[in-house]
Amino acid sequence: QVQLVESGGGLVQAGGSLRLSCAASGLTFSNYIMAWFRQAPGKEREYVARITLTGSKTADAVKDRFTISRDNAKNTVYLQMNSLKPEDTAVYYCAAGWRVNSDYRSYDYWGQGTQVTVSS
């Protein structure tokens, strides 16, 4: 049984930082493309970043502030978020899939999400 468990969310002031973690189990972690998405109330799920074994790509809206990384030895993917803004407030989800793209429908496994709230 595949499980993705996010952690590290919380309440932070604008300009602050958070580091999200997603621990995976039940799959061969290094075989999967790992990604982060977010969803704000009343909005569609939005791509944030993805990482393969050979590289990563971050959405233009956050690429100067967010960094995705992975530790295959720990079966964990991270999202370092700096200079947070109120518009970054959302539930952040990690996902695992086989296809390299930014469409959330392409990902096979999802975590339960972690809330990030940025106050102004």
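Residues numbered from 1 in each chain as written. Predicted model: local features only at pLDDT ≥ 70, side-chain atom pairs only at ≥ 80, totals over all residues. Heavy atoms only, no water.

A. Local environment of the packing of aromatic side chains. For the coordinates displayed, the defined rule picks out six aromatic pairs. Residues Y32 and W98 carry aromatic rings whose centres are separated by 4.7 Å and whose planes lie at 45° to one another, so their mutual orientation is tilted. With a gap of 66 residues between them, Y32 in the loop between β3 (18–25) and β4 (33–39) and W98 in the loop between β9 (90–97) and β10 (107–110) connect regions that are remote in the sequence. On the basis of relative accessibility, which here comes to 10%, the residue Y32 falls in the buried class. With relative accessibility at 53%, the residue W98 sits in the exposed group. Between F37 and Y107 the ring centres are 5.3 Å apart and the planes differ by 70°, which places this aromatic pair in the edge-to-face class. Of this pair, F37 sits in strand β4 while Y107 sits in strand β10, and the two are 70 residues apart along the sequence. Exposure remark for F37: the relative accessible area of 0% places this residue in the buried category. We classify Y107 as buried; its relative accessible area is 5%. Three or more aromatic residues link up through ring pairs in this structure, and these residues are F37, Y47, Y93, Y107 and W110. (Phe/Tyr/Trp six-rings, centres within 6.5 Å; stacked < 30°, edge-to-face > 60°. Helix = DSSP H or I, 4+ residues; strand = E, 2+ residues; numbered from the N terminus. Buried < 20%, exposed > 50% of the residue type's maximum accessible area, 1.4 Å probe, protein only.)

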